[in-house]
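Reading the structure
The chain contents come next:
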Amino acid sequence: MRKLVFAIIIFSFIAMAKEPVDASLIAEKFVRTALREQKAYQWLRELTSIGGRLAGSENSAKAVRWAKEKMEQLGFDRVYLQPVEVPRWERGNVEKAVIISPENLKGRELSIAALGGSVGTPEEGITAEVIEVKNFEEFKEKAPQVRGKIVFFNVPMDQGEINTFKAYGEAVRYRWAGAMEGAKAGAKAVIIRSITTRYDNVPHTGMMGYDTKIRKIPAVSIGLKDADFLSNALKKYPHLKITLKLNCRQLPPSRSYNVIGEIRGSQHPEEVIVVGGHLDSWDKGEGAHDDGAGVVQSIEAVELFKRIGIRPERTLRVVLFMNEEYGLSGAKAYGEYVSRASEKHIAAIESDRGGFTPRGFTVKAEDPVFKEIKSWLPVLQKCRIDWIRKGGGGADISRIKAKALIGYFPDDQRYFDFHHSANDVFEAVNPRELELGSAAIATLLYLISCQGL
Ligand SMILES: [Zn+2]
């Protein structure tokens, strides 16, 4: 009898070991440890102190060294660099838009920033009348009047849209295609209303597109206050003229790196779970939310296993991608590696939506895998994850062939206040919100590494 009771106790203990109760305790431990010790937040301070990290720049090389040394110091089993060729663009030190007529507005400067990839202007600048349009339809109607002018695409982000990423996706068409459309109609340059949710005068940059068959014209964004000022001024003075001066330029491509660090799995080391963000950033701020947060969360999510003393059953690999912002170079290089690799990638998680309070995970997977991941919601709720939905994983992991591509989705109401602008600095990140993200990602890594997919 006594033996039987003992056997039942042992049996139920083994059976319990894989139950969510166990995982919930681990989740709570991740949360407490992350919130108390705030390691990711300290690392973010170090990373952002480098400054903006445009791919190919000196700062991006510093960030590569910092990330490699960090994971080495933390005692990851293996840390290495994966070479990536990156296109290089440099903002330069001349970035100016000044009204030159009418007389009473002469000398009034506008708060602008060159869009990433823009060509510069001649040294004396481009001087022309400004013509405002509210959308591509209006642009088409006004096309005959555009020749020789600077087109002002004054298209606001839809503030009524609850999903800010959706609103961004709609507005970003103008940033991407504005210069191509403008050039086709004979414009000299374009100005794009900044894509942001915050009403201030800080311009937000970001990548723009050119068509090799069409003449390249300069493109800048403008802060919202000056966008409204310019729009009002144009109502009064339809022949308002500005001079635009930029010395940004394209440089030859250069060598950079994805930074990779991993902890080997104890049971299935050949099964890899990737977690990552991008190490590069735009140059205007410090790339704190975009994507310093994702970088330090990815490192911490894996390092938390060591800190609380558990060994993952499958290999956890941090991939810090180089050049998400200006062409996804690192994502392509890692995706190519995966297609040749003998190891098996079972899942990849990306954090590139800022360091805000956890909300959910979006999952790209077949139905059975999706259902399995969704069944873990009660555990993930310990880290303030409210939902798990079908959706894309993210740009950097999009080239990885795996059973599940997962995007970490924090609260999205403030991200575009900071995104791609001088507002995106260390001080804009809240330590508790950032750390909860680390814990949520660590918990998901734990569940995948125990259960497999
Ligand atoms: Zn990003």
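Residues numbered from 1 in each chain as written. Predicted model: local features only at pLDDT ≥ 70, side-chain atom pairs only at ≥ 80, totals over all residues.

Scanning the chain from terminus to terminus reveals 13 helices and 16 strands. In terms of overall dimensions, the chain is globule-like: its C-alpha atoms have a radius of gyration of 25 Å, near the 22 Å expected for 453 residues. With respect to the principal axes defined by its C-alpha atoms, the chain has extents near 100 × 40 × 35 Å. Looking at the chain as a whole, 50% of its 453 residues qualify as buried. Long-range contacts, defined here as pairs at least 24 residues apart, represent 83% of the contacts in the chain between residues at least 6 apart. (Helix = DSSP H or I, 4+ residues; strand = E, 2+ residues; numbered from the N terminus. Rg over C-alpha atoms; globule rule 2.2 N^0.38 Å. Buried ≥ 20, exposed ≤ 12 C-beta atoms within 10 Å, placed from the backbone. Contact = placed C-beta atoms within 7 Å.)

This next bit is on the pairing of strand 14 (residues 358-365). Each regular strand displays side chains that alternate between the two surfaces of the sheet. For strand 14, a buried count of six out of eight residues is recorded, marking the element as mostly surrounded by other parts of the structure. As paired strands, strand 14 and strand 16 (residues 404-410) are joined by seven bridges and run antiparallel to one another. Residue pairing for strand 16: lysine 364 is matched across the bridge by leucine 405. Taken together, the four bridges between strand 14 and strand 15 (residues 387-390) define a ladder with parallel strand orientation. Pairing of threonine 362 across the sheet is with arginine 389, part of strand 15. (Pairing = 2+ DSSP bridges.)

We now examine the packing of helix 8 (residues 288-307) against helix 13 (residues 431-451). Axis separation between helix 8 and helix 13 bottoms out at 8 Å; the angle between their running directions is 50°. Considered as vectors, helix 8 and helix 13 are oriented oblique to each other. Seen along the crossing, helix 8 lies across helix 13 with a hand that is right-handed. Touching Ala293, Gln297, Glu300, Ala301, Val302 and Leu304 of helix 8 are Leu434, Gly437, Ser438, Ile441, Ala442 and Leu445, all from helix 13. A breakdown of the residues in the contact of helix 8 with helix 13 according to their chemical character gives eight nonpolar, three polar and one charged. (Axes fitted to C-alpha atoms, helices over the stretch in contact; angles between N-to-C directions. Parallel < 35°, antiparallel > 145°, perpendicular 65-115°, else oblique. Left-handed = near helix turned anticlockwise from the far one by under 90°. Nonpolar A, V, L, I, M, F, W, Y, C, P; charged D, E, K, R; others polar.)

Here aspartate 352 lies in the loop between strand 13 (344-350) and strand 14. Classification of aspartate 352 by C-beta neighbours within 10 Å gives buried; the count is 23. Distance in space between the C-alpha atoms of aspartate 352 and glycine 277 is 5.8 Å, their sequence separation being 75 residues. Excluding residues that lie within four positions of it along the chain, aspartate 352 makes contacts with Gly277, His278, Asp291, Gly294, Gly394 and Asp396.

With that out of the way, let us pick up the domain arrangement of the chain. By the assigned domains, the chain splits into domain 1 (22-86 + 253-451) and domain 2 (95-250). If you average the C-alpha positions of domain 1 and of domain 2, the two centres end up 34 Å apart. Across the contact, 14 residues belong to domain 1 and 17 residues belong to domain 2. Per-class residue counts for the side of domain 1 that touches domain 2 are five nonpolar, five polar and four charged. (Domains from an automatic or database assignment.)

Okay, the sheet that holds strand 4 (residues 112-114) next. Here eight strands make up an open sheet; going across it, the order is 3-2-9-5-6-7-8-4 and the pairing mixed. In this open sheet, the two edge strands, each paired with only one partner strand, are strand 3 (109-110) and strand 4. Pairing between strand 6 (residues 150-153) and strand 7 (residues 189-193): four bridges, direction parallel. By the bridge assignment, phenylalanine 153 is partnered in strand 7 with isoleucine 192. Contacts from helix 6 (residues 164-184) reach strand 6, strand 7 and strand 8 (219-222), with the element oriented near 155° to strand 7. Each of strand 3, strand 5 (126-133), strand 6, strand 7 and strand 8 is contacted by helix 7 (residues 224-236), which is oriented at about 90° to strand 5, the strand it contacts most.

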